[in-house]
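Overview (structure and organization)
Chain residues, written in single-letter form:
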Amino acid sequence: MSLISPRAPRSSSRLGRGRQQGKVLRRWLWGSLAVLVLGSGALGTWLYLLSSNLPDITDLSHYQPHQPLRIYTQDGIEIGQYGVERRYFVPIAQIPAQLQDALLAVEDTRFRDHPGVDLKGVARALVANLRTSRSQGASTITQQVARNFYLTSRKDYERKVREMLLALKIEKQLSKDQILELYMNQIYLGQRAYGFEAAAKTYFGKSMGELSVGESAMLAGLPQNPAHANPITNFERARKRQLVVLERMRSTQAIDEEKYQAAKAEPLQLQRTPPPPPYAQHVAEMVRQVVHTKYGEQAYTRGLKVMTALRSTEQQAAYQALRKGLIDYERRQPYRGPEATEDLPGDVPAADPIVAQALADHDDDEDLRVALVTQASPGAVVATLASGEVVVVTAEGLKAVQAALRASATKALRIQRGSVIRVVRTGTQWAITQWPQAEGAFVAMEPQSGHVRALVGGFDFGRNQFNHAEKAWRQPGSSFKPFLYSAALEHGVMPATLINDAPVVLESTSTTPQSWEPQNSDGKFDGALTLRQALARSKNLVSIRLVQMMGVDTARQWTQRFGFAIDKQPDNLTLALGSGSTTPMQLAGAYAVLANGGYKVDPVVITRVSDAQDKVLFDASAKKLSEEQRVIPARNAFITNSLLEEVTRTGTAAVAQATLKRPDLYGKTGTTNDAVDAWFAGFQPSLVAVVWMGYDTPRSLGPNESGSRLALPVWVDFMKQALQNVPVQALEPPKDVTQADGDWFYNERAKGDYVMRLGFDEAPKSATDPTDSANYPPLTTDYPSVPAPAPEPLK
């Protein structure tokens, strides 16, 4: 027998287990393969469905971003902007390379190389997301364009995939420069600023081309989170983000080490673009209403640019002159007391910041400064402005408020510690005053074109948006008389005609139940006056006799030639005193007829409207006057103007020529009964200007107030600036006007006709000098009695 044991056979149980494991493995492999195939198919189907439902992006090739309505003066000063989004579209070729480099360095360094999705960036973001709970999106510039234009802001995988697919689609249709142009004009950057040009103006008060490297880096850091890194609300966070951008710019070689160090050390000064100037707010609102009526809500998104006829220097001069006039008037009124009272601890000095902070809820004003009183006595008042400046008011500055500084003053009137008051600087001194209750309006226009070069609708747009220049229907008073005198010239009355300035008593009639005994504003009757003298002295009784001579209806019809609404003029003799209604704008248009020699021109505020692509939609460029616009004879305009020149030389407006030292000034004061309305309307041949003052709810301006005291100084202040470089322009007499014995008359009249007499009881001296108004036949003319047609509406 063998001593060696035979080899033991393999265990059947082990063999069974191996075969079983192999089967499981094969099944797992096949199952995994099946899942992979099915998953890939499902994924492919899902991606196919997503890609087939992507939005159409053809409109990106014709990008028209929402841009606000902007309104400008003739010389390019922006006076108004209306729209939710602040945006200026700038083509990529005009966006500085420095700013493009800064943005790409921090947002998408491989922008020029990837096809719309950066796989390296995606992988990096996936790893980062596994390590931390803070997610990273890894969105390229193209993906951000896709999201901003077409997708929602929710965060989920489906939106992310759609974003990638849409980015790939965008890259196939647009060039890299087109995509970057879209992004840099569309992206929101805080403070209602959309796009980098708006952001540059919002944060630094300059255009993109003027930005430094440091400023460009700060703006480039905003897209990630404009609320978090907003330089205005949190400068420190914005500064940290800026340093990140600068580091990335250096690492991508967008800047070298020297520029990097210089940009890091650069002190950044935020200088926000100031709001549109306050001096043209009524005009801006007036234009906004017109444009909105034409274009609807699209007016605020189409990027319309509206050019007005305003000249910024003249507009500002008009604004300042009117405000000064109203402030000066208010200083002559009784003091009504402080605006409010603030609790002020007794031990807080005037210069303590807490004093100025107490004024935070009170509106300040560039002229009428709000101030908080810290010390008050009859001899001096110490007050702190909202800016923190401490002012001391003494002597003349306290004259108007002495009653409020007495111990016996009522609580409502008393000025004491804690009182909120208004102060105004007069030269080098301060004076206590109050916010005006009276209002005013100013219009200046070119008589040859109707272009409105200045318009002020009230003292302060913030407190009263009503545009008095355009919409205030008020009695013109004596400023209406020149148009009645113009009518009288066509009925035979000449400048040397003698008219009796004597009392007139008009008995009651069926239409006027009470008798009327009108008076002159100066309370005097001067007897025999020439027509020239009568207008210079603004004699009411002379105007009444002229209207009596012509007939009320005839006079009304004639004034319609100048653009006055006939239905707003009375059908009785009070017409002679300017008791009808007109607006400052309408009155300016009427005086323009005289200034340009007899042509009716309509006021023009909007001269051009263009869209975001600078396509002109409306144009009202100045045109030459044509005979079709003539509404009165040239001779009539010339002689009427010679009468108005006398007013500014020796009459109620003599201060005009005396102050401005030039003879080519023409105009007329106007003061209604009880001085409810005060006017001055006048012109130099190149510029008409009208000033009005009064209360919104009509009441007297005061017993000593008048157009010459209130409105005329405003007109003179404005013309002092507006006519600085304008040469003296004498009016040339027409061929059918003759001068004799120192005055003018029409050639058609007999030699002696210009000395006719009106309103005297004695018998006429000759047949050519009658007293009967029937012997003053009207001169026939072929000129139309209606205004020229309205300007072409906005297209």
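All values derive from a computational prediction rather than experimental measurement.

Our next topic: the overall build of the protein chain. For the protein chain, the count of helices and strands is 22 helices and 23 strands. Within the protein chain, the proportion of its 795 residues that are buried is 51%. Sequence separation of at least 24 residues holds for 70% of the intrachain contacts in the protein chain that already meet a minimum separation of 6. Just so you have it, the protein chain exposes about 37800 Å², and 52% of that area is on carbon and sulfur atoms.

On inspection of all chains with the given rule, the structure shows 11 aromatic pairs. Here Tyr 188 and Tyr 194 contribute two aromatic rings whose centre-to-centre distance is 4.9 Å and whose plane-to-plane angle is 50°, an arrangement assigned as tilted. Ring plane angle 55° and centroid distance 6.2 Å describe the contact between Phe 480 and Phe 483, whose orientation is recorded as tilted. The exposure classification of Phe 480 matches that of Phe 483, with both residues buried.

What follows is about the environment of Asp 364. Here Asp 364 lies in the loop between α13 (353-357) and β7 (369-377). Judged by relative accessible area, Asp 364 falls into the partly exposed class, the value being 35%. Along the chain, Asp 364 and Ser 387 lie 23 residues apart, while their C-alpha atoms are 9.4 Å from each other. The residues contacting Asp 364, other than those within four sequence positions of it, are Arg 369, Val 370, Ala 386 and Arg 422. A polar atom in the side chain of Asp 364 sits 3.2 Å from the side chain of Arg 369. Polar side-chain contacts of Asp 364 include one of 3.0 Å to the backbone nitrogen of Val 370.

Turning our attention to helix α9 (residues 235-251). For α9, with 17 residues, the first-to-last C-alpha span of 24 Å sits near the 24 Å given by 1.5 Å per residue. Among the residues of α9, Ala 238, Arg 241, Gln 242, Val 245, Leu 246 and Met 249 are the ones counted as buried. Along the axis of α9, the buried residues cluster in a sector spanning 150°; they form a single face. Exposed and facing more than 90 degrees away from the buried side of α9 are Glu 236 and Lys 240. Those residues of α9 that are buried lie in contact with α2 (97-107), α8 (213-220) and α10 (257-265). The first or second residue beyond α9 is Gln 253, which carries a positive phi of 65°.

The antiparallel open sheet is built from five strands, whose spatial order is β13-β12-β20-β19-β18. What marks the edges here is a single partner per strand, and that holds for β13 (452-456) and β18 (666-671). Averaged over all pairs of adjacent strands, the angle between strand axes in this sheet comes to 5°, irrespective of strand direction. Alignment of strand β19 (residues 677-684) against strand β20 (residues 687-694), held across eight bridges, turns out to be antiparallel. Each bridged residue has a counterpart across the sheet, and for Ala 678 the counterpart in β20 is Met 693. Together, β12 (439-445), β13 and β20 form the strand contacts of helix α12 (residues 312-330), whose direction differs from that of β13 by roughly 30°.

To continue, consider a nonpolar patch on the surface. On the surface, Ile 232, Phe 235 and Leu 270 cluster together to form a nonpolar patch covering roughly 200 Å² of accessible area. By the secondary structure assignment, Ile 232 is in the loop between α8 and α9. Residue classification places Ile 232 among the partly exposed positions, given a relative accessible area of 31%.

Attention now moves to unusual backbone geometry. The backbone phi angle of Ser 538 is positive, close to 55°, even though this residue is not glycine. Mapped onto the fold, Ser 538 is located in the loop between α16 (531-536) and α17 (540-550). Its relative accessible area of 7% is what places Ser 538 among the buried residues.

Further remarks concern the pattern of salt bridges. Two side chains with opposite charge may pair up if their charged atoms get near one another. A complete count under the given rule lists 40 salt bridges for this structure. When the shortest N-O distance is used, the salt bridge between Arg 323 and Asp 367 registers 2.7 Å. Note that Arg 323 is positioned in helix α12 and Asp 367 in the loop between α13 and β7, a separation of 44 residues in sequence. Assessed through its relative accessible area of 29%, Asp 367 is described here as partly exposed.

Under the 1.5 Å per step criterion, the end-to-end length of α12 is 27 Å for 19 residues, consistent within 8% with the ideal 27 Å. In terms of residue burial, α12 counts as a mostly covered element, since 14 of its 19 residues are buried.

Another aspect to go through is the sheet that holds strand β5 (residues 305-308). With mixed pairing, five strands are arranged side by side in an open sheet as β2-β1-β5-β16-β17. Edge strands, defined here as strands with exactly one partner in the open sheet, are β2 (78-82) and β17 (616-619). When strand polarity is set aside, the average angle formed by the axes of neighbouring strands in this sheet is 15°. Pairing of β5 with strand β16 (residues 606-610) involves four bridges; the strand directions are antiparallel. Counted as the bridge partner of Val 306 is Val 609 from β16. Here helix α11 (residues 281-295) sits on the sheet in contact with β1 (69-72), β2, β5, β16 and β17, set at roughly 45° to β2.

Cut-off values and rules
Along each chain, residues carry numbers from 1 onward, in the same order as the chain's sequence is written. Local features are withheld for residues below a pLDDT of 70 in this predicted model, meaning they are given only at 70 or higher, and side-chain atom pairs are given and counted only at 80 or more; totals for whole chains, interfaces and linings count all residues. Think of the side-chain values as coming from all heavy atoms in the structure, minus any hydrogens and water. A helix here means a DSSP run of H or I that spans at least four residues, while a strand means a run of E at least two residues long, and both kinds are numbered starting from the N terminus. Throughout, exposure labels follow a simple rule: accessible area from a 1.4 Å probe, protein chains only, divided by the maximum for the residue type, with under 20% read as buried, over 50% as exposed, and the rest as partly exposed. In what follows, residue pairs with any heavy atoms lying within 4.5 Å of each other are defined as contacts. To be clear on the numbers: accessible area is Shrake-Rupley with a 1.4 Å probe, and residue cover counts the displayed protein chains and nothing else. Classification of ring pairs rests on two measures: the distance between centres of Phe, Tyr or Trp rings, Trp counted by its six-membered ring, which must be within 6.5 Å, and the angle between planes, read as stacked under 30 degrees, edge-to-face over 60 and tilted in between. Any N or O atom pair separated by 3.5 Å or less is treated as a polar contact, with the protein-specific requirement of one donor-capable and one acceptor-capable atom, and with residues adjacent in sequence counted only for side-chain atom pairs. To estimate how far a helix should extend, the number of its residues minus one is multiplied by 1.5 Å. Throughout, the arc means the angular range of directions from the helix axis out to the C-beta atoms. Two strands qualify as a pair provided that DSSP identifies no fewer than 2 bridges between them. An axis is simply a line fitted to the C-alpha atoms; with a helix, the fit covers only the stretch in contact. Between two such axes, the angle follows the N-to-C directions and lies from 0 to 180 degrees. Patch members must show over 30% relative accessible area and no salt bridge, and they are joined within 9 Å when carrying like charges or within 5 Å when they are nonpolar side chains of Val, Leu, Ile, Met, Phe, Trp or Tyr. The working definition used for a salt bridge is a side-chain nitrogen of Lys or Arg within 4 Å of a carboxyl oxygen of Asp or Glu.

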